[in-house]
There are 2 protein chains.
Amino acid sequence: MSKKWVYLFTEGNASMRDLLGGKGAGVAEMTRTGVPVPPGFTITTEACNEYYARGKQFPEGLWEQTLAALKVIEEQVGKKFGDPDNPLLVSVRSGARESMPGMMDTVLNLGLNKETLAGLARLTNNPRFAADAYRRFVQLFGKIVLGVDGEKFEHVMSEAKGRDRQDTDLTAEELMQIAETFKAIIKEDAGVDFPEDPYEQLRMAITAVFNSWMGRRAVDYRRVYKIPDTLGTGVNVQTMVFGNMGNDSATGVAFTRNPATGADELYGEYLVNAQGEDVVAGIRTPKPISKLREEMPEVYEQFSQIAKMLERHYKDVQDVEFTIERGKLWMLQTRNGKRTGMAAVKIAVDMVNEGLIDKRTALRRVQPEMLNQFLFPIVNPAAAEHATRLARGLAAGPGAAQGRIVLDPDEAAARSEQGERVILVRTETAPEDFHGMVASQAILTARGGLTSHAAVVARQLGKCCVCGCGDLEIDYKAGAVHVHGTDVILKDGDWITVDGHSGWVYAGQVETQEAEVIQVIRGQMKPEDSKLYGYFTTFLSWADEVRRLGVRANADTPTDARVARLFGAEGIGLCRTEHMFFEGDRIDAVREMIVADTPEDRRRALAKIEPLQQGDFEGIFEVMDGLPVTIRTLDPPLHEFLPHGDREIEELAHKMGIDVATLKAKIEGLREANPMLGFRGCRLGIEYPEITEMQARAIFHAAANCQARGIKVHPEIMIPLVGDVSELRMQGDIVRRVADEVMAETGQKIDYLLGTMIEVPRAALTADKIATIAEFFSFGTNDLTQMTFGMSRDDAGRFLPLYVERKLLKDDPFEVLDQEGVGQLVRMGVERGRSTRPDLKTGICGEHGGEPESVKFCHRVGLNYVSCSPYRVVIARLAAAQAVLEEQK
Amino acid sequence: MSKKWVYLFTEGNASMRDLLGGKGAGVAEMTRTGVPVPPGFTITTEACNEYYARGKQFPEGLWEQTLAALKVIEEQVGKKFGDPDNPLLVSVRSGARESMPGMMDTVLNLGLNKETLAGLARLTNNPRFAADAYRRFVQLFGKIVLGVDGEKFEHVMSEAKGRDRQDTDLTAEELMQIAETFKAIIKEDAGVDFPEDPYEQLRMAITAVFNSWMGRRAVDYRRVYKIPDTLGTGVNVQTMVFGNMGNDSATGVAFTRNPATGADELYGEYLVNAQGEDVVAGIRTPKPISKLREEMPEVYEQFSQIAKMLERHYKDVQDVEFTIERGKLWMLQTRNGKRTGMAAVKIAVDMVNEGLIDKRTALRRVQPEMLNQFLFPIVNPAAAEHATRLARGLAAGPGAAQGRIVLDPDEAAARSEQGERVILVRTETAPEDFHGMVASQAILTARGGLTSHAAVVARQLGKCCVCGCGDLEIDYKAGAVHVHGTDVILKDGDWITVDGHSGWVYAGQVETQEAEVIQVIRGQMKPEDSKLYGYFTTFLSWADEVRRLGVRANADTPTDARVARLFGAEGIGLCRTEHMFFEGDRIDAVREMIVADTPEDRRRALAKIEPLQQGDFEGIFEVMDGLPVTIRTLDPPLHEFLPHGDREIEELAHKMGIDVATLKAKIEGLREANPMLGFRGCRLGIEYPEITEMQARAIFHAAANCQARGIKVHPEIMIPLVGDVSELRMQGDIVRRVADEVMAETGQKIDYLLGTMIEVPRAALTADKIATIAEFFSFGTNDLTQMTFGMSRDDAGRFLPLYVERKLLKDDPFEVLDQEGVGQLVRMGVERGRSTRPDLKTGICGEHGGEPESVKFCHRVGLNYVSCSPYRVVIARLAAAQAVLEEQK
């Protein structure tokens, strides 16, 4: 006896997903629970595998079992397949375990031919309905089973309708004519006569589903997502029901709760006298589901009960498809419904309160990235539909913003001060543009990847940013932005809207919405007035109950630190001392320090900076009272602090009272072939120990002052770019000496740690030695990624998109931590570090610290904490909780 | 009873080096073999350790044992320590197991005071001799034991001599007066009265030796060379003998064979009526040792027999010190003699032929780097002494050269063509300077490290180069070179001489010598006419018998390949296809390819390059007939091929018939923030597959043509900068497809391999996956070092010297492979690669492939071969043999 290849819907259930596919298991489960589902059967995924094993031959017994199942269905519905008097029509669909792009779509009305068509017309007493059903069948079969270009059919339809008529205006005769034209196209394109035999149709449709499993798009998709080819797809054959049999018929889709807001209400839409595809196609405007209560109160009542029942049964929001055929409700599909971030959180919290799910299930239900939607303004989706899209770049900084184009950072600052909303548009940004970036609503660049300067600063600031928008060409002189491939030339002052969630840039002002949670955190709204805020904090408190990984923020200023703390950061994981260098006049002293000829001159300049740095640190310690603050000593290449334009250099020379040529020579001398691999990080402090000394003094004086005022301080001093333990030893000696001096001087005993960033591959490789000096490691995965891949993040924009596009890499490694390569070094660093210092504290402070998959990896390798930009702290909190839950699975 | 701390010379022997130190064991061994050695004794290294263990107190019994030993000596020589009538005088010296800078020098004539001085004068009947001995003693004791600045004593001596007199012209009275002045200086500086008691003198001298063991220089030295502090130093106390007792007395140093040429002849010099230090000090000009045969034939005969005997005893050339006191020969020290590379090889080969040592011992005796001296012209050492040193940089390319300064590469080429000898002097060099570098005698740069462009190209060309000569400031406009810290301004056209062995730059033409081996290899001399060549090849053939590691060369042209083969290269490990791009007019086609807008334009330009590349490959295959040739596909950033000056850009635009502004924009568009981490390596071939395709076609067509002519070809195609297996897969698919096409087309079956460079850390980390595609790995340790350390070799000149100077790193990692960090990745790459492909072929093609310590490391991790510049092949051959010998130890 051959294997069982075919299961009636009445034989399956939800647990048979592997065998029947998602769709097959779904309808079986509905059938099992008594929901009215048009009868049908599923051909198993095993049959698909066997089909390939046999060199694309149907497995032994498959066809016979299919016919037998068809027979059962015929009896159930009292119709016969291919019977001209009372024809059974079916739909055929693919259905793998996971829904997968590239798999075969639905073929409807299969079983129609000239004879059954006549029968259908007679039976329904509606020749036009029958003709339309036939037209649809030929069209779908031609396109999906026989692979004819769908455009050709659409073209025929348009021609037939002419300028003013709808589909529904076509007569039966016209529709029959169209169907014949379709067949002629099929004959010409596919080289086959349209099959008249319903059994032949069915066999071909099943074969087409099987073949689509190994279609190129499906295979590519599985490669990327590492889904094995051996899963196979199921094939669902189901009795047709018709929503287009008159005004007592309808078809629709609905969610059991509102997928946009999470409100506990039926949400959906339907069309009277229509078939399913019409709803999706948007040819007619559907009615909201609430209307159904008026139009068909009994059906509505039944539908609403079934919906509630399914939701309870699946313990999640269901996205259902239904058809009403002459007043009778049929459920065609049910699956978990997709929802917005806001809705996901509300629904999860509500369902816990309703006792439907537990907290851990709730935490699993929300993708961490979705929490972003609570924080940032978004482009109103409805408004976006009607807006003019100009170009698309990388979605680099969250939110959406409208503003007038400004190309110069100084002008951006000036015009913003006058109350204008501006968007800074640059080829790329540099540290000296910072003030202009702060002043802008959003930042838009033509060059640079997701960790380019613009992107990093934007996320740090929680500011909307689209970067690497290659279609823009910025002409600074003309004050214009050309959009490649179009005639559009935007001028300085023109309004645009930037969507940092999608990467789209729109012309003009497109409506945006401000986030409630932000208003609460800014004190512009009372927490109790925001239901969203309540849901948000409740949900995150559950994440905190579960997670083991600490979550800190990268913050350089008291303002950033305050935001971070409000978002639940448990400390600062990276405070970059150099960002403070750009504020106000202090850049002058910094520049003086850089061009100093002698240690004495350098010390003199450093003496001016020291009290300012100390003040900054005091501000941060105050805000972070009781929590640790990791402060990194000076890191970037010095030339980043110097002006490069002739005019600015002249100004600076004048200010400093030195010769212009001398200053130019100095600046030129600091130019490097590869600044990323040059004179930076601890190399600065090794050549100029007085810089490290000054910074250590500022930190410890700040700490002592705060402590004297009753503030609890836990500074963690971090030496960057260490590649050999000797570097850390040398810099650490300075820090410890200064600490002792300040403690002796002030009488305050400061509880501090000394550690290093692990951002150079060699540091990870020699972590056991480095940990003999370091009390903590913070993995700087931005640089570690650059060096492990040998890819500069500033230059990768040239080739990395191609890599991701052609699937050479699954993800941009600057966005999602490369666990295979860079992750090995992180794991090695942790293991080796702890081999010589078992209580070594370990964290991550690269951009990856706020990316969910990377956070989960950090949990798995046993880091103590992740640190990310303040606005991603909540994402990290949830991801950290999910990491624990995944571990328990 | 206390431990034995003191050994008479008669109690020790050569095997007691650990206990007695090198010097102590040496004199004991000589004593034991019957050589006349002034009696004495050695205080053990254990005593030194115990001295420190007891907090700088003499170990129990040490002083008593010292006195007892002294007593024995007194009896042996019939004099008494401190006896005014017949005083025993001694020398005191340190002597650790290895000689070590910073350890205490010799104190002579210890035991003198006013009374014994008088006795000495009476006894020798030579008051002036006695006074001079006293003067020397006070001076040395003051300087060495009491730490007084030696300059102060010299100053007094100079004053006393006045303008025209020698030391020997000073009278006894004057010398006594000087000694008194010395004592006054000592009193003032060291705050102590000069000790009159000989026993007190001895105790102080012994203490000073002990203390010098922990002196800063000695400690630093041990840190660097990882010598444990616990070795301790011995103290040698030895009866004084005097070479300055008249014309029947003398003192000298000699080698048992000529240390410069290796000739089997006594080689040395002596001074009549002088003390040891006079020979070294160079105040009087010593006579060659051959003169001694005439002056004191019997002593000479005895000395010459002792020398031969010692050489046979130690089975190595001895460097001896001797003194003749009133016609009696005394041997004071013997140790293995340092020698030049040429001498080392000749002596080693001769000694094998004499049956004194075996071949393996011979191979151990020559440091691989010393073989360089066979190949390159050197500055005549005598001439160098009188030459004017201008500045010193890094010794980057071997040899020495005279030439006229030229600052512009075009001019260098032009003037060289007119037969002028020029030296190209640049701030730094770039690929477009190549023709100028080729045309020059030497290259001198102000910036850049040992792996800067100038240095790499120079070594590749076997050309003399000094780079990173920071004291030079090059003013291109003025055509002048300023030497910092001096008034010297060199002009274009001035003669200079550059020494690539020492890094010194001399003014004018300093005599150099051309290498014989080179003349033979160039066919300018017959092998049988060169004894040196015979020694050289004999010696290397022994290395080849022993070594397991293959040795290949990096060579880009048939000429390079020919040289490499003559030096014994067993294949080409790296052929850089891009170096060919600069030759003649082909750079035009290359530039056309780079600025092409479409794949079609690019193919058109590539079509012009293809036949030229094919021709190059044919030339190389011909030369390497039967040996493998590893060819790397295009690697460098494209902008390296483009001009950067305004004029050159205009010219190019004109040539290509495109707009200047457009070309400028193109060039600007290729500018990168960090080119090292940018768009290069396989990333080029991934974006422009047509480049890889063209190169593969050129290789396989060349191979097929050669094979058809009976030449054996083994191309190995190497894809650079791979970080993920997907990159290699994609590029490899192209290579394999083209190979199949060419083989089908030509009917030639080519035996080739496909592999990759491992030069990105991630490649080493994921080597198991990469080896599923790669048939060989070649470790590109230049880039691997850059990325593992996060250090650009172009920029490291700014800080790396400081790292090495301050001992943060033991060696420049671009020179000597960093075994601790980068080496881990190499080892990992080999192990993981072989885990998935057991027969994976592995090699190294970075600069380290010719550095002896790195070669030995490559042997230990099990690489199949190293590949280095042709001129370093012989070094690698010897190092590879030594690696085997070290393994057997």
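Keep in mind that this is a model prediction, so the values were computed, not measured.

## Details of the interface of chain A and chain B
Listed as interface residues are 49 residues of chain A and, on the opposing side, 49 residues of chain B. Both sides together, the interface formed by chain A and chain B hides about 4500 Å², and carbon and sulfur atoms give 51% of it. Together, Leu-677, Arg-762 and Arg-798 of chain A form the three largest contributors to the area buried by chain A at its contact with chain B, with a combined 15%. Put simply, chain A and chain B have 8 salt bridges between them. In this structure, Glu-820 of chain B engages Arg-762 of chain A in a salt bridge whose closest nitrogen and oxygen atoms are separated by 3.6 Å. Residue assignment for the side of chain A that touches chain B shows that the elements contributing at least two residues are helix H25 (660-670), helix H26 (682-687), helix H28 (725-746), helix H29 (761-765), helix H31 (781-789), helix H32 (800-805) and helix H33 (822-836) of chain A. Grouping the amino acids of the side of chain A that touches chain B by side-chain chemistry returns 23 nonpolar, 11 polar and 15 charged.

## Some words on the sheet that holds strand S2 (residues 40-43) of chain B
Residues and elements named next belong to chain B. Taken together, the 5 strands give an open sheet; going across it, the order is S1-S2-S7-S5-S6, and neighbouring strands pair in antiparallel fashion. With one partner strand each, in any of the chains shown, strand S1 (6-8) and strand S6 (107-110) form the two edges of the open sheet. Neighbour-to-neighbour, the strand axes of the sheet open up by a mean angle of 25°, direction not taken into account. Summarising the sheet, S1 and S2 pair through 3 bridges and their orientation is antiparallel. Residue pairing across strands places Tyr-7 opposite Thr-42, the latter belonging to S2.

## With respect to the packing of aromatic side chains
On inspection of all chains with the given rule, the structure shows 46 aromatic pairs over all chains. Between Phe-376 of chain A and Tyr-871 of chain A the ring centres are 5.5 Å apart and the planes differ by 35°, which places this aromatic pair in the tilted class. Note that Phe-376 of chain A is positioned in the loop between helix H14 (359-365) and strand S13 (378-379) and Tyr-871 of chain A in the loop between strand S33 (865-868) and helix H35 (873-888), a separation of 495 residues in sequence. Residue classification places Phe-376 of chain A among the buried positions, given a relative accessible area of 4%. Through pairs of rings, three or more aromatic residues link up here, namely Tyr-51, Tyr-52, Phe-58, Trp-63 and Phe-210 of chain A. Its end group placed over the ring of Trp-330 of chain A, Lys-328 of chain A keeps NZ or CZ at 4.4 Å from the ring centre. The lysine or arginine in question, Arg-222 of chain B, covers the ring of Trp-213 of chain B, its NZ or CZ lying 3.7 Å from the ring centre.

## Considering helix H4 (residues 114-124) of chain B
Residues and elements named next belong to chain B. Taken residue by residue, H4 has Thr-116, Leu-117, Gly-119, Leu-120, Ala-121 and Thr-124 as its buried positions. For H4, the secondary structure elements touched by its buried residues are strand S4 (87-88), helix H5 (127-145) and helix H7 (172-190). Just beyond H4, the residue with positive phi is Asn-125, at close to 55°.

## A word on the relation of the copies chain A and chain B
Overlaying chain A with chain B gives an RMSD of 0.3 Å, the required rotation being 180° about an axis along which the chain moves by 0.1 Å. With respect to symmetry, the two chain copies, as superposed, fit the operation of a two-fold axis. For chain A, the smallest separation between a C-alpha atom and the rotation axis is recorded for Asn-674 of chain A, amounting to 2.2 Å. Both copies contact each other with a shared surface, as 100% of the interface residues of chain A are interface residues in chain B too.

## What about the UniProt feature "domain: Pyruvate phosphate dikinase AMP/ATP-binding" (unreviewed entry) in chain A?
All names here are of chain A. What UniProt calls "domain: Pyruvate phosphate dikinase AMP/ATP-binding" (unreviewed entry) maps, in this numbering, to residues 18-54, 56-290 and 301-354. What you have in residues 18-54 is 65% helix and 11% strand, and the ends, taken at the C-alpha atoms, are 21 Å apart. With 50% helix and 31% strand, the stretch residues 301-354 has end C-alpha atoms that lie 22 Å from each other.

## As for the confidence of the model for chain A
Summing up the model confidence of chain A, the mean pLDDT is 91 and the portion of residues at 70 or higher is 98%. The ipTM assigned to the predicted complex is 0.80, against a pTM of 0.81.

Thresholds, definitions, all that
All residue numbers here refer to positions counted from 1 along the written sequence of the relevant chain. Chain letters and ligand numbers both follow the written order, the letters beginning at A and the numbers at 1. Predicted model: local features are reported for residues with pLDDT of at least 70 only, side-chain atom pairs are reported and counted for 80 or more only, and whole-chain, interface and lining totals are derived from all residues. Side-chain measures here rest on the full set of heavy atoms in the structure, leaving out hydrogens and waters. The contact criterion used is simple: two residues touch if any of their non-hydrogen atoms lie within 4.5 Å. Summed over both partners, the accessible surface that disappears when two parts come together, traced with a 1.4 Å probe, is what is meant by buried area. Here, a salt bridge means any side-chain nitrogen of Lys or Arg that lies within 4 Å of a carboxyl oxygen of Asp or Glu. Secondary structure counts use DSSP, requiring at least four H or I residues in a row for a helix and at least two E residues in a row for a strand, with both numbered from the N terminus. Gly falls in the polar group here, along with every residue not listed as nonpolar (Ala, Val, Leu, Ile, Met, Phe, Trp, Tyr, Cys, Pro) or charged (Asp, Glu, Lys, Arg). Whether two strands pair comes down to DSSP finding at least two bridges between them. Throughout, an axis means a line fitted to C-alpha atoms (over the contacting stretch in the case of helices), and angles, computed between N-to-C directions, take values from 0 to 180 degrees. Within 6.5 Å between ring centres, the rings of Phe, Tyr and Trp (the latter by its six-membered ring) count as paired, and their orientation is classed by plane angle as stacked under 30 degrees, edge-to-face over 60, tilted in between. Burial status follows relative accessibility: with a 1.4 Å probe on protein chains alone, a residue under 20% of its type maximum counts as buried, one over 50% as exposed, and anything between as partly exposed. In this scheme, Lys NZ or Arg CZ marks a charge over a ring once it lies within 6 Å of the ring centre and within 35 degrees of the ring normal. To line up the copies, we fit them by least squares on C-alpha atoms, keeping just the residues with pLDDT of at least 70 in both. UniProt positions are given in the numbering used here, feature names are shortened, and annotations may be inferred rather than shown by experiment. Every residue carries a pLDDT, the predictor's confidence in it, which falls somewhere between 0 and 100.

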